[in-house]
Amino acid sequence: MKELTQSSTLKELYSTPIGHDTIGRVLLQLNLSEKWITGSFIGNLKLKTLMKLTKKSLGEGFWNALLHLINQEKDLPLDRTPEAMPKEPKKAWWKEAVIYQIYPRSFADSNGDGIGDLKGITEKLDYLKELGVNAIWLSPVYDSPNDDNGYDIRDYRKIMTEFGTMEDFDELLKKTHEKGMRLIMDLVVNHTSDEHEWFQKALQDPDSKYRDYYFFREDTGKEPNNWVSFFGGTAWNRYPEQNAWALHLFSKKQMDLNWDNPNVRDDVIDMINWWLDKGVDGFRMDVINYISKEAGLPNGDEAIGSMMMFYGIEHYYYGPHLHEYLKEIQDKAFRPHGAFSVGETPGVGREMAKLITGEERGELDMIFSFDQLDMPGRIRFDYYEYDLNYYRDYIIDWMEHYGNNCWMSLFYNNHDNPRMVSKVTKDPAFNVPVEKLLAVMQFTLKGTPFVYQGDEMGLTNYDFHSIEELSDVESKNRYRELLKMHAPEEAFRIIRTGTRDHSRVLLPWNESVKNLPDHLIQQPDESITELYKDLIRLRREHPALIYGTFKVLSRKKNRFVYERSDGSENFVIECNLSKDARPALFRPDGYEPVLNPQGTGPVLTPYEARIYRKKTEA
Ligand code: TEU
Ligand code: CA
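Residues numbered from 1 in each chain as written. Chains lettered and ligands numbered in written order. Predicted model: local features only at pLDDT ≥ 70, side-chain atom pairs only at ≥ 80, totals over all residues. Heavy atoms only, no water.

J.: Help me get a handle on the site of ligand 1, residues and values and all.
T.: Around ligand 1, 18 residues are found, and the nearest of them are Asp-148, Asp-286, Asp-416, Glu-474 and Arg-500. The separation between an oxygen atom of ligand 1 and a polar side-chain atom of Arg-284 is 3.0 Å. Within the side chain of His-415, an N or O atom sits 2.8 Å from an oxygen atom of ligand 1. Judged by its atoms lying within 2 Å of the grid points, ligand 1 is housed in the largest cavity. The class makeup of the residues in the shell around ligand 1 is six nonpolar, three polar and nine charged. (Near = heavy atom within 4 Å. Polar contact = N/O pair within 3.5 Å; in protein donor to acceptor, adjacent residues only side chain to side chain. 1 Å grid on protein atoms, 1.4 Å probe; cavity = no way out; pocket = protein on both sides within 12 Å on 5 of 7 lines; lining within 4 Å. Sits in = over half its atoms within 2 Å of the grid points. Nonpolar A, V, L, I, M, F, W, Y, C, P; charged D, E, K, R; others polar.)

Here you go:
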């Protein structure tokens, strides 16, 4: 790829993967359409002109950082035009699977101490089997001081005491396999706990080989750079006895590993192989796109920092050795074991994702991208009504451009987010229809559905009453920061909107849930669970819903009508994305309704979703 310079045009920048996704992100933030670049004179402006024009708003730093990132990525994704793509996606178990995420602490409590555990999960395997899921992704179960609920690992080869023992784990793995399901572990290797042996040794002895496992910098009176932590404040912790700082992109107890040190990579890869040898089937890889940091850890650009809310992010969200390190893990651990991989990659957009998940690249099978979780210009702590028209456009964009040698993950919820249903509607009367609509789309769009525990029970956000009811480190730190500018009620109101605790309350089927205040106990809705079972079965029995082509039939405002077809079968899904009843657009002549309890009359009820299948000639 030719080197871009300040004489390159905005269009040229936008035609590169990094340019596309980064500029796309800015457009999103500003709520502007892509046509602003592709369809107007602005696209033909040279970078140097743009730099002058945006001096006040973005500043030169932004464009220089972008140029640097673009020029660093020498690869281009394959030509993804339909003609250039394989006609059909390759088959794989994980494309056919429905994966269920378990957050162990709040899933199932087997001994009444109010904390979910491994035995609890084993006891629920039949439930999961009956639901129809094919694989479980376990959020971290490793030994941890729980500063960030297990995402701060003290010992990668030990089970967290509250969750049980290694024997309990082995039993869970064995039973999961016996029931024909797979087990995927969480791999948290961007950072370790500060209580991990490596960090402890590094602290105790500055000459130890472990010192260079982390980012230690000498104390010269202030933080080594301006990077901030995702959980608030500076990304540096000071160790006064040492006269040194160490880097943590997350909490003060989650120390970033230095992946440029080959010993770190060897040790991590050994650990991965240890689990794979045990028989686990793959990994969900925590913030895996953050592992490679720009050499010298330069200051973050202020304009980017203010826009993205995090100073320094351009120096590690798509770092210089990311692809190299991912390939190394694939070559030395995943491929030899036939292991599955899905990367958690905040900030990675469609084009960058192709360079990470393209089959020809040998990096990861799939990624989670997060831009569908909030509307343009919004963040998770904003109280607003999420418009499903945005989700439709987002998903169409990916489906039409990702290509047959990449594969999407489909999800609305996880342990880091409030429930999607509560973003879409603030009127409890619409909770059930919205949940059903989301489920229909999740199991009939093209990709692998990830169900988050409780989705299938119709769980919504909780009505938290006070900050004491929250336990998440992010919520607590953020609350403390908000108090500097807001009254306590207002600060709590903001936290309540976005807190990760919405998805971390103990599931209502537990006996020990009784110890929670009443407003933190929800009733599972069986009609939702039944629908999940039906949809999962439908998807499993009809390959057209898995590998079939995806075609948009209507994307008028508040409408989403699409077709899935594999030559032998043909499905049409019609969705009403709004809270008003609307006349049906699709004329189902020659089609029969599938799983449509609301009937197939001429009018769609609020948020109704219908599935039709083409009748086969008898
Ligand atoms: O999350 C990474 C991440 O960037 C976010 O989803 C994050 O939790 C949130 O945006 C904070 O602002 C992963 C894990 O899923 C999360 O639970 C961990 O806390 C985090 O990494 C650190 O390991
Ligand atoms: Ca327990």
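J.: Residues and numbers for the coordination of the calcium ion (ligand 2), please.
T.: Around the calcium ion (ligand 2), the protein contributes the donor atoms Asp-109 (OD), Asn-111 (OD1), Asp-113 (OD), Ile-115 (O) and Asp-117 (OD), which lie 2.2 to 2.4 Å from the metal centre. Counting the intervening residues between successive donors of the calcium ion (ligand 2) yields the motif D-x1-N-x1-D-x1-I-x1-D. (Donors = N, O, S within 2.8 Å, 3.2 Å for Na, K, Ca; no water.)

J.: Account for the nonpolar core, with residues named and values stated.
T.: Phe-169 and Phe-283 are the most contacted members of the largest nonpolar core, which has 183 residues in total. Every residue in contact with Phe-283, bar those within four places of it in the chain, is listed here: Tyr-142, Ile-184, Met-185, Asp-186, Leu-187, Ile-272, Trp-275, Leu-276, Phe-334, Phe-340, Ser-341 and Val-342. Ala-135, Leu-373, Trp-407 and Phe-450 belong to the second largest nonpolar core, which has 18 residues in total. (Core = buried A, V, L, I, M, F, W, Y, C linked by side-chain atoms within 4.5 Å. Buried < 20%, exposed > 50% of the residue type's maximum accessible area, 1.4 Å probe, protein only. Contact = heavy atoms within 4.5 Å.)

J.: Would you mind going over the packing of helix α10 (residues 166–178) against helix α12 (residues 262–278) in detail, with residue names and values included?
T.: The N-to-C vectors of α10 and α12 enclose an angle of 55°; their axes lie 11 Å apart at closest approach. If you check the angle between α10 and α12, you find them oblique. Between α10 and α12, the residues in contact are Met-166, Phe-169, Asp-170 and Leu-173 and Trp-274, Trp-275 and Lys-278, respectively. When the residues that make up the contact of α10 with α12 are grouped by side-chain class, the tally is five nonpolar, no polar and two charged. (Axes fitted to C-alpha atoms, helices over the stretch in contact; angles between N-to-C directions. Helix = DSSP H or I, 4+ residues; strand = E, 2+ residues; numbered from the N terminus. Parallel < 35°, antiparallel > 145°, perpendicular 65-115°, else oblique.)

J.: So what's going on with empty space enclosed by the protein? Which residues, and what values?
T.: Evaluated as defined, the whole model comprises six cavities of 30 Å³ or more. By volume, the largest cavity is sized at about 1,200 Å³. In terms of lining residues, the largest cavity is bounded by 46 residues, among which Phe-230, Phe-310, Pro-346, Gly-347 and Phe-370 are the most central. Listed by contribution, the elements that provide at least two residues to the lining of the largest cavity are α2 (17–30), α5 (59–72), α13 (302–308) and α19 (473–482). (Points joined across faces, edges and corners; volume = space filled by probe spheres on them.)

J.: Describe the sheet that holds strand β14 (residues 409–410), and please don't skip the residues or the numbers.
T.: Reading across from one edge, β13-β12-β11-β5-β2-β1-β15-β14 is the order of the eight strands in this open sheet, with parallel pairing throughout. The outermost strands of the open sheet, each flanked by one partner alone, are β13 (366–368) and β14. Two elements, strand β1 (residues 99–102) and strand β2 (residues 135–138), share four bridges in a ladder whose sense is parallel. Looking across to β2, one finds that Ile-102 is bridged to Leu-138. Against the sheet, α12 engages β5 (182–187) and β11 (282–285), with an angle of about 135° to β11. Here helix α18 (residues 431–444) sits on the sheet and contacts β14 and β15 (448–452); the angle it forms with β15, its principal contact strand, is near 145°. (Pairing = 2+ DSSP bridges.)

J.: So what's going on with the sheet that holds strand β22 (residues 609–614)? Residues and values would help.
T.: The five strands lie next to each other as β16-β17-β18-β22-β20, forming an open sheet whose pairing is antiparallel. In this open sheet, the two strands that pair with only one neighbour each are β16 (549–554) and β20 (591–594). Within this sheet the neighbouring strands show an average axis-to-axis angle of 25°, counted without direction. Summarising the sheet, strand β17 (residues 559–565) and strand β18 (residues 570–576) pair through seven bridges and their orientation is antiparallel. Opposite Arg-559, over in β18, you have Asn-576 as the bridge partner. Packed on one face of the sheet, helix α16 (residues 388–401) meets β16 and β17 and runs near 30° to β17.

J.: Could you give me a rundown of a positive patch on the surface, with the residues and numbers involved?
T.: Side chains of Lys-46, Lys-48, Lys-52 and Lys-55 sit close together on the surface and give a patch of like positive charge. Overall, the relative accessible area of 65% leaves Lys-52 in the exposed class. (Patch = residues over 30% accessible without salt bridge, like charges linked within 9 Å, V, L, I, M, F, W, Y side chains within 5 Å. Areas by Shrake-Rupley, 256 points an atom, 1.4 Å probe, with all protein chains shown as cover. Salt bridge = Lys/Arg side-chain N within 4 Å of Asp/Glu carboxyl O. Lys, Arg positive; Asp, Glu negative; His and termini not counted. Charge placed at Lys NZ, Arg CZ, Asp CG, Glu CD.)

J.: An account of helix α11 (residues 197–204) is needed here, citing residue identities and associated values.
T.: Buried within α11 are the following residues: Trp-198, Phe-199, Ala-202 and Leu-203. On an axial view of α11, the arc spanned by its buried residues comes to 130°, and they lie on one face. (Arc of directions from axis to C-beta.)

J.: Provide a residue-level description of the layout of surface pockets, including the pertinent values.
T.: There is about 940 Å³ of room inside the largest pocket. Lining the largest pocket we find 29 residues, and of these Leu-28, Leu-32, Glu-34, Tyr-390 and Asp-397 sit closest to its centre. Elements with a contribution of two residues or more to the lining of the largest pocket: α2 and α16. Counting residues per element, the lining of the largest pocket draws most heavily on α16, at ten residues. Taken together, the residues of the lining of the largest pocket sort by class into ten nonpolar, seven polar and twelve charged.

J.: Any chance you could break down the environment of His-519 for me, citing the residues and the numbers?
T.: With respect to the element layout, His-519 can be found in the loop between α20 (488–498) and α21 (526–541). Among the polar contacts listed, one links the side chain of His-519 to the side chain of Glu-469, at a separation of 2.8 Å.

J.: Explain the packing of aromatic side chains to me, and be specific about the residues and the numbers.
T.: Counted by the stated rule, this structure contains 46 aromatic pairs. Centroid distance Phe-230 to Tyr-316: 6.4 Å. Interplanar angle 80°. Geometry classified as edge-to-face. Placement of Phe-230 in the loop between β7 (216–218) and β8 (236–239) and of Tyr-316 in the loop between α13 and α14 (322–337) is noted, with a sequence separation of 86 residues between them. Each member of the pair Phe-230 and Tyr-316 is classed as buried. (Phe/Tyr/Trp six-rings, centres within 6.5 Å; stacked < 30°, edge-to-face > 60°.)

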